[in-house]
Amino acid sequence: MPQVLTIANKHRALTVQPEHYPIVGKHLLDAVAKFLGDKATEEILDAWTAAYNLIASIFINIEKDLYEKFDRDQRDKGFVPLIIVKKERVASGPIVALTFQRSDGGKMYKFHPGQYLTLRIKKGNFYHNRHYSLTHPFDGKTYHIAIKQELNREPKGVVSNEILNHYRKGDKILASFPAGTFTLIKTAKDHLFIAGGIGITVFSSIIRDLHRQCKADRATLIHCVPTDGYAAFAHEMRSFLPKNQYHLLTQGQHVLQGLIRDTIKPNTHVYVCGSVSFMNKVEEYLSECNHPSSHIHIEAFRPILSTIKNAAKNESHTKSL
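What counts and what doesn't
- Residues numbered from 1 in each chain as written.
- Predicted model: local features only at pLDDT ≥ 70, side-chain atom pairs only at ≥ 80, totals over all residues.
- Heavy atoms only, no water.
- Helix = DSSP H or I, 4+ residues; strand = E, 2+ residues; numbered from the N terminus.
- Rg over C-alpha atoms; globule rule 2.2 N^0.38 Å.
- Buried < 20%, exposed > 50% of the residue type's maximum accessible area, 1.4 Å probe, protein only.
- Contact = heavy atoms within 4.5 Å.
- Lys, Arg positive; Asp, Glu negative; His and termini not counted.
- Charge placed at Lys NZ, Arg CZ, Asp CG, Glu CD.
- Core = buried A, V, L, I, M, F, W, Y, C linked by side-chain atoms within 4.5 Å.
- Domains from an automatic or database assignment.
- Phe/Tyr/Trp six-rings, centres within 6.5 Å; stacked < 30°, edge-to-face > 60°.
- Lys NZ or Arg CZ within 6 Å of the ring centre and 35° of its normal.
- Patch = residues over 30% accessible without salt bridge, like charges linked within 9 Å, V, L, I, M, F, W, Y side chains within 5 Å.
- Areas by Shrake-Rupley, 256 points an atom, 1.4 Å probe, with all protein chains shown as cover.
- Salt bridge = Lys/Arg side-chain N within 4 Å of Asp/Glu carboxyl O.
- Buried area = accessible area lost by both parts, 1.4 Å probe.
- Polar contact = N/O pair within 3.5 Å; in protein donor to acceptor, adjacent residues only side chain to side chain.
- Pairing = 2+ DSSP bridges.
- Axes fitted to C-alpha atoms, helices over the stretch in contact; angles between N-to-C directions.

Caption draft 1: The arrangement of the overall build of the protein chain in detail. Within the protein chain one finds nine helices and eleven strands. A globule of 321 residues ought to have a C-alpha radius of gyration of about 20 Å, and the protein chain, at 21 Å, matches this closely. By principal-axis analysis of the C-alpha atoms, the protein chain measures approximately 65 × 50 × 40 Å. A buried classification covers 45% of the 321 residues belonging to the protein chain. Within the protein chain, residue pairs in contact and separated by at least 24 positions form 70% of the contacts whose partners lie at least 6 positions apart. The average position of the 42 basic charges and that of the 30 acidic charges among the side chains of the protein chain differ by 7 Å.

If you want it as structure tokens, here you go:
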């Protein structure tokens with residue numbers, strides 16, 4: 001169910017509707033039949049149909065509940081226009097912070113720290129969507145995110161680059177309201193956040209919220225970056241966290257490995273976000289410390305093909321997408 005809820009939240013954020021499921025199902029089953037060829041007996045295809053319909057019904061019911069959390073205004077269940085009220089560079093990369101308000105006079109919905117905002121842009125004849133972690137707790141009127149320009153990876157970040165290059169303060173952009181299941185474990189007494197680069201955005205709102213509740217002494221943050229200039233929100237994190245509980249690492253993996261070993265306690269809950277290779281390495285270090293998997297929480301920005309391939313090759317490890 002945790003994985004189902006994660007996917008259902010993404011579906012709601014992208015405004016997936018019940019009528020979309022038969023379309024996906026038809027083409028999925030056509031692909032299964034084509035792949036199996038002569039082995040695609042009526043019995044096998046009926047079994048695939050039954051399995052898909054069962055899964056679809058589960059998602060449709062969960063997503064119905066997610067949509068019903070909004071008011072009766074049907075606009076709020078889809079993409080609505082937000083206006084950019086602030087845009088500023090906050091770190092090398094570059095990493096740019098944006099602040100949004102609603103431009104049509106409608107309601108801004110509350111969210112829990114750890115959730116994301118979904119933005120939609122149109123480029124050419126196509127719409128492109130992307131999720132961005134909310135970096136500040138909800139203040140009743142604004143949403144905050146931070147975007148890193150993506151030029152050195154393929155495919156290049158279409159949405160991120162379009163927003164950074166062509167959207168300015170005062171411009172409107174389409175967004176769906178916050179979604180996501182990543183959150184702080186409320187019953188934990190000690191929290192260790194391990195961020196790689198832009199992964200700090202996921203933890204920013206959580207740590208700010210802990211500070212607001214006078215509970216920041218329970219949190220330790222390890223932020224790994226190429227140089228100090230890439231550390232978004234470093235000044236704020238230093239001010240929020242006790243002196244020995246904010247670690248900005250530029251020295252490499254061996255230092256990280258030792259710091260993790262020296263920091264975690266048996267009951268520490270560990271939260272990890274960064275690139276797939278970074279998260280895999282951190283999981284490896286935590287495994288060497290015999291830290292319980294129930295106390296490790298991974299946030300990946302989106303399913304990545306390499307992660308799926310790795311999960312298929314190594315069936316002993318379940319990868320959280």
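Caption draft 2: Region of interest: the nonpolar core. Ranked by size, the top nonpolar core spans 28 residues in total, and within it Phe 193, Phe 203, Ile 207, Leu 221, Met 237, Leu 241 and Tyr 246 carry the most contacts. Those elements that place two or more of their residues in this core are β7 (191-196), α5 (200-212), β8 (219-224), α6 (234-240), β9 (246-249) and β10 (269-273). For this core, the element with the highest residue contribution is α5, accounting for six residues. Among the domains, domain 2 (80-179) and domain 3 (190-313) are the pair contributing at least three residues each to this core. Setting aside anything within four residues of it in sequence, one finds Phe 203 in contact with Phe 182, Phe 193, Ile 194, Ala 195, Tyr 271, Val 272 and Cys 273. Formed by 26 residues, the second largest nonpolar core is a distinct cluster that contains Leu 117, Leu 119, Tyr 132 and Val 159.

Caption draft 3: Broad picture of the packing of aromatic side chains. Following the criterion strictly, the structure yields eleven aromatic pairs and no others. Judged by centre distance (6.0 Å) and plane angle (40°), the ring pair of Phe 70 and Phe 177 falls under tilted. Placement of the pair is Phe 70 in the loop between α3 (42-67) and β1 (80-91) and Phe 177 in strand β6 (residues 172-179), with a sequence separation of 107 residues. Accessibility assignment for this pair places Phe 70 and Phe 177 in one class, buried. Centre to centre, the rings of Phe 193 and Tyr 271 are 4.8 Å apart; their planes meet at 20°, and the pair counts as stacked. With Phe 193 in strand β7 and Tyr 271 in strand β10, this pair connects stretches of sequence that are 78 residues apart. For Phe 193, a relative accessible area of 0% gives the class buried. Residue class for Tyr 271 comes out buried when judged on its relative accessible area of 0%. Every member of this aromatic cluster is reached through a ring pair, and the members are Phe 70, Tyr 109, Phe 111, Phe 138, Tyr 143 and Phe 177. The positively charged end of Arg 120 is found above the aromatic ring belonging to Tyr 127, 5.2 Å away from the centroid. The side chain of Arg 208 reaches across the aromatic face of Phe 233, ending 5.2 Å from its centre.

Caption draft 4: Broad picture of a nonpolar patch on the surface. Where nonpolar side chains cluster on the molecular surface, the patch consists of Met 1, Leu 5, Leu 54 and Ile 58 and spans about 370 Å² of accessible area. For Leu 5, the location among the structural elements is in helix α1 (residues 2-13). Look at Leu 5 and you get partly exposed, because its relative accessible area is 33%.

Caption draft 5: Highlighting the domain arrangement of the protein chain. When the domains of the protein chain are assigned, the result is domain 1 (2-69), domain 2 (80-179) and domain 3 (190-313). Of note, the centres of domain 2 and domain 3, computed from C-alpha atoms alone, are 23 Å apart. Taken together, the contact between domain 2 and domain 3 spans 18 residues of the former and 17 residues of the latter. Regarding the contact of domain 2 and domain 3, the summed buried area is about 1500 Å², with carbon and sulfur atoms giving 60% of it. Sorting the residues of domain 2 by area buried against domain 3 places Ser 133, Thr 135 and Pro 137 first, and these three jointly supply 27% of that buried surface. Inspection of the region where domain 2 meets domain 3 yields zero salt bridges. For the interface between domain 2 and domain 3, the tally reads seven residue pairs in polar contact (both at pLDDT 80 or more). Secondary structure elements with two or more residues in the side of domain 2 that touches domain 3: β1, β4 (126-133) and β5 (143-148).

Caption draft 6: Just the sheet that holds β9, in detail. Strand order in the open sheet formed by five strands is β9-β8-β7-β10-β11, and the pairing between neighbours is parallel. A single partner strand is all that each edge strand has here, and the edge strands are β9 and β11 (296-299). Between one strand and the next, the sheet's axes are offset by a mean angle of 15°, whatever the strand orientation. Pairing of β7 with β8, which is carried by six bridges, proceeds in the parallel orientation. Note that in β8 the partner of His 191 across the bridge is Ala 219. α5 rests against β7, β8, β10 and β11 of the sheet, and its axis sits at about 150° to β7. In the packing of helix α8 (residues 276-288) onto the sheet, contacts are made with β7, β8, β10 and β11, and the angle to β10 comes to roughly 155°.

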